[in-house]
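Coordinate analysis (summary)
The lines below spell out each chain.
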There are 2 protein chains.
Amino acid sequence: MSGAREGQFADWMKTVQHKVEHELSAFLPPAGEEPRKLHEAMRYTALGGGKRVRPLLVYAAGALFGADERALAHAACAVEMIHVYSLVHDDMPCMDDDALRRGKPTVHVQYDEATALLVGDALQAQAFDVLANAHTVPHDRLVWMLKVLAHAAGAAGMCGGQAIDLDSVGLQLTLEQLERMHQLKTGALLRASVVLGALAGAEVNEEQMQALNAYARAIGLAFQVVDDVLDATADSATLGKTAGKDAAANKPTYVSILGLEESKALAQTLRDEAHAALAPFGDNARHLRDLADLIVQRNA
Amino acid sequence: MSGAREGQFADWMKTVQHKVEHELSAFLPPAGEEPRKLHEAMRYTALGGGKRVRPLLVYAAGALFGADERALAHAACAVEMIHVYSLVHDDMPCMDDDALRRGKPTVHVQYDEATALLVGDALQAQAFDVLANAHTVPHDRLVWMLKVLAHAAGAAGMCGGQAIDLDSVGLQLTLEQLERMHQLKTGALLRASVVLGALAGAEVNEEQMQALNAYARAIGLAFQVVDDVLDATADSATLGKTAGKDAAANKPTYVSILGLEESKALAQTLRDEAHAALAPFGDNARHLRDLADLIVQRNA
């Protein structure tokens, strides 16, 4: 990327992140109303942090398909709420037992476990509520979008990936098994973000859907490979979460299977695959391309 | 009810319960596929038990509005999945810490806490998946139904009620505060069941919606009043769950505020209000009427 391009992309990202923060705040229940602790905790965990990678994917794909601002806001906040709920539950003592997230104490530390459980549950419901209320999207397409989100969030997607992850602690996974786990655990929702952004704008034909899926598959894996590299190399302060915890928990990672250098090379290959998948869309796909680069080049 | 009427109602209930068991089994992920433990645990908790009160309400309201069998199956299983997920999470150690549910060990006891957390999360997503796939319902109405379910499940409904419940332990609530908690905690999903059943069949006009809401409000409260009475009077074997736990947990109940006899009288009054609300629908509402009676007369 040239300096000017890079500046444009950075501006675009900042604008989207700003919008998402504002829209999330509007969609979340008000802090001053009963039940206060639940509402406060939902806002505590969803607002004021995060890279908003999934909303960025929604907006970038939406730009490609001419989506309007309201449709994008609803779709972006819905996927982000699913993501945030999964972090809250994932951090709980019975799962990863993590005390730090996005540089802040996790919900069960800041509040209590019961609240963390309810915050996650309520955020998931709210995600579907927010998406179902995307009034500017024709209902045929909106039902399609709701199916995409529900499928990505459930046992055939994110929850299924989490379950495989739990079952894999201490096991020696093959690269294929590791890939399948991540395609469900994080890939499904990243893919849903791209697809929801597109559907927020227009009907997507079979060929376009295949291109979007190929792109999403590549960045989904790249995201995880880079996560594993960062977990092995960065410090907790930079990550805003506990570093080195995968190795400590004896979890299989790309780094543990492939080694550090080969993992870095794989991330680059996946970035190239993501770019190649976008070829049919021409220059309009530049935000999606830049996001692929960002995912591979990020340091947190 | 006459003996013949009672027999007819019992047959209808059995038929619906049977259908729901069959449909739930088809909608749930197969036990033999990976991730096995998650799938097995989802099936363990959702199948083979429960009174299926919410599905019965869906089918009864659906009968009134001419809903087709497929639409009813999707709507009934969706609400039941939300209900089952809420039980799984509610039973976890950080919430009610209950070991027995529907006469079986709870999910976190039978499996483990992390699995219970994921089972609940996956069932909630699956509920929206199942409802969004109700192909026989026109999409305008389906979006409406999805909004109703999401709203009833989230912070403005069930999760909000749970949060108020948590915050109320050890407090002296007024009757109004107790009623508000239950209207959210259990009432919202019971009301959603009635409304989803109706919408599965037809557009519901304002007047009809008011009548259905008045009915649902009355049976929702009656349900909770009877729950409190049973918790104070029945034994665990009859209930299929731990009896006396509200008093033990120092939770406010109708019995603790009104006393036993006045609580029983209130349940009867609410049953009469439910019947009165159904007057505009004539004899077609007989299943809804019978369900109001069942809710008040049940002993488990």
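Here we summarise the structure given alongside this text. (Residues numbered from 1 in each chain as written. Chains lettered and ligands numbered in written order. Predicted model: local features only at pLDDT ≥ 70, side-chain atom pairs only at ≥ 80, totals over all residues. Heavy atoms only, no water.)

1. Considering the overall build of chain A
When you go through chain A residue by residue, the secondary structure sums to 15 helices and two strands. What you see for chain A is a C-alpha radius of gyration of 18 Å, in line with the 19 Å of a compact globule of 300 residues. Viewed in the frame of its principal axes, chain A has a C-alpha envelope of about 50 × 45 × 35 Å. Within the span of chain A, comprising 300 residues, buried residues form 58% of the whole. Pairs at least 24 apart in sequence give 72% of the contacts found in chain A among residues at least 6 apart. Of the side chains in chain A, 27 bear a positive and 39 a negative charge, and the two mean positions are spaced by 3 Å. (Helix = DSSP H or I, 4+ residues; strand = E, 2+ residues; numbered from the N terminus. Rg over C-alpha atoms; globule rule 2.2 N^0.38 Å. Buried < 20%, exposed > 50% of the residue type's maximum accessible area, 1.4 Å probe, protein only. Contact = heavy atoms within 4.5 Å. Lys, Arg positive; Asp, Glu negative; His and termini not counted. Charge placed at Lys NZ, Arg CZ, Asp CG, Glu CD.)

2. What about the packing of helix 4 (residues 69-90) of chain B against helix 7 (residues 139-153) of chain B?
All names here are of chain B. Viewed as axis vectors pointing N to C, helix 4 and helix 7 meet at an angle of 15°, and their least axial separation amounts to 11 Å. If you check the angle between helix 4 and helix 7, you find them roughly parallel. Viewed along their axes, helix 4 and helix 7 form a crossing whose handedness is right-handed. Each of Ala 75, Ala 78, Val 79 and Ile 82 in helix 4 lies in contact with helix 7, whose residues at this interface are Met 145, Leu 149 and Ala 153. Tallied by class, the residues present in the contact of helix 4 with helix 7 amount to seven nonpolar, no polar and no charged. (Axes fitted to C-alpha atoms, helices over the stretch in contact; angles between N-to-C directions. Parallel < 35°, antiparallel > 145°, perpendicular 65-115°, else oblique. Left-handed = near helix turned anticlockwise from the far one by under 90°. Nonpolar A, V, L, I, M, F, W, Y, C, P; charged D, E, K, R; others polar.)

3. Some thoughts on the interface of chain A and chain B
Across the boundary between the two partners, chain A contributes 44 residues, which contact 44 residues of chain B. The interface formed by chain A and chain B holds eight residue pairs in polar contact (both at pLDDT 80 or more) in total. Among the secondary structure elements, those contributing two or more residues to the side of chain A that touches chain B are helix 2 (36-46), helix 4 (69-90), helix 6 (113-132), helix 7 (139-153) and helix 8 (158-168) of chain A. Here the element with the most residues in the side of chain A that touches chain B is helix 6 of chain A; it accounts for 11 residues. Of the residues in the side of chain A that touches chain B, the class split is 25 nonpolar, 10 polar and nine charged. (Polar contact = N/O pair within 3.5 Å; in protein donor to acceptor, adjacent residues only side chain to side chain.)

4. Remarks on the pattern of salt bridges
Following the criterion strictly, the structure yields 30 salt bridges over all chains and no others. Beyond isolated ion pairs, a larger network of salt bridges with shared partners links Glu21(A), Arg52(A), Glu80(A) and Arg102(A). (Salt bridge = Lys/Arg side-chain N within 4 Å of Asp/Glu carboxyl O.)

5. So, the relation of the copies chain A and chain B
Its rotation angle being 180°, the transformation that places chain A on chain B also includes 0.0 Å of axial translation and leaves an RMSD of 0.0 Å. On this basis, the relationship between the two copies can be described by a two-fold rotation axis. No C-alpha of chain A lies nearer the rotation axis than that of His139(A), which sits 2.8 Å from it. Mapped onto chain B, 100% of the interface residues of chain A are again interface residues, and the two copies thus contact each other with one and the same surface. (Least-squares fit on C-alpha atoms with pLDDT ≥ 70 in both.)

6. What to know about a negative patch on the surface
Side chains of Asp140(A), Glu203(A), Asp140(B) and Glu203(B) sit close together on the surface and give a patch of like negative charge. Here Asp140(B) is to be found in helix 7. (Patch = residues over 30% accessible without salt bridge, like charges linked within 9 Å, V, L, I, M, F, W, Y side chains within 5 Å. Areas by Shrake-Rupley, 256 points an atom, 1.4 Å probe, with all protein chains shown as cover.)

7. Details of unusual backbone geometry
That bond from Glu34(A) to Pro35(A) is cis: its omega, -10°, falls within 30 degrees of zero. Assignment of secondary structure puts Pro35(A) in the loop between helix 1 (3-27) and helix 2. Despite not being glycine, Arg52(A) shows a phi value in the positive range, around 60°. By the element assignment, Arg52(A) lies in the loop between helix 2 and helix 3 (53-64). Its identity as a non-glycine residue notwithstanding, Asp97(B) has a phi of 50°, on the positive side. Relative to the elements of secondary structure, Asp97(B) occurs in the loop between helix 4 and strand 1 (100-101).

8. Looking at the environment of Ala155(B)
Along the chain, Ala155(B) falls in the loop between helix 7 and helix 8 (158-168). In the structure, Ala155(B) is positioned 110 residues away from Ala265(B) in sequence and 31 Å away in space, judged by C-alpha atoms. Not counting residues within four places of it along the chain, the set of residues in contact with Ala155(B) comprises Pro29(A), Leu38(A), His39(A), Met42(A), Ala122(A) and Gly160(B).

9. Notes on the packing of aromatic side chains
Under the defined criterion, the tally for this structure stands at seven aromatic pairs over all chains. Here the aromatic rings of Phe9(A) and Trp12(A) are separated by 5.9 Å at their centres, their planes lie at 20°, and the arrangement is stacked. Of this pair, Phe9(A) and Trp12(A) both sit in helix 1, three residues apart, roughly one helical turn. Phe9(A) gets classed as buried once you look at its relative accessible area, which sits at 5%. By relative accessible area, which is 16% here, Trp12(A) ends up buried. Of note, Arg298(B) hangs over the ring of Phe223(B), and the distance from its end group to the ring centre comes to 4.1 Å. (Phe/Tyr/Trp six-rings, centres within 6.5 Å; stacked < 30°, edge-to-face > 60°. Lys NZ or Arg CZ within 6 Å of the ring centre and 35° of its normal.)

10. Observations concerning empty space enclosed by the protein
Residue and element names in this part refer to chain B. Applying the stated criterion across every chain yields a total of five cavities of 30 Å³ or more. Of the volumes computed, that of the largest cavity is approximately 130 Å³. Along the walls of the largest cavity sit 15 residues, with Thr 45, Arg 101, Arg 102, Lys 104 and Val 107 positioned nearest its centre. Every element with two or more residues in the lining of the largest cavity is listed here: helix 2 (36-46), helix 4 and strand 2 (104-105). The leading source of residues in the lining of the largest cavity is helix 4, at three residues. Its residues assigned to classes, the lining of the largest cavity shows seven nonpolar, four polar and four charged. (1 Å grid on protein atoms, 1.4 Å probe; cavity = no way out; pocket = protein on both sides within 12 Å on 5 of 7 lines; lining within 4 Å. Points joined across faces, edges and corners; volume = space filled by probe spheres on them.)

11. Digging into helix 7 of chain A
In a regular helix each residue adds 1.5 Å, so 15 residues correspond to 21 Å; helix 7 of chain A covers 21 Å between its end C-alpha atoms and thus fits that length. The complete set of buried residues in helix 7 of chain A reads Arg141(A), Leu142(A), Val143(A), Met145(A), Leu146(A), Val148(A), Leu149(A), Ala150(A), Ala152(A) and Ala153(A). As for helix 7 of chain A, its buried residues are in contact with helix 4, helix 6, helix 8 and helix 9 (175-201) of chain A together with helix 6 (113-132) and helix 7 of chain B. (Expected span 1.5 Å × (residues − 1).)

12. Focus: the packing of helix 10 (residues 206-233) of chain B against helix 15 (residues 286-297) of chain B
All names here are of chain B. With their axes 8 Å apart at the nearest point, helix 10 and helix 15 run at an angle of 20° to one another. As far as their axial angle goes, helix 15 and helix 10 are roughly parallel. Between helix 10 and helix 15 lies a crossing whose hand is left-handed. Seen from helix 10, the contacting residues are Leu 212, Tyr 215, Ile 219, Ala 222, Phe 223 and Val 226; seen from helix 15, they are Leu 288, Leu 291, Ala 292, Ile 295 and Val 296. A breakdown of the residues in the contact of helix 10 with helix 15 according to their chemical character gives 11 nonpolar, no polar and no charged.

These results come straight from atomic positions and should not be treated as a statement about function.
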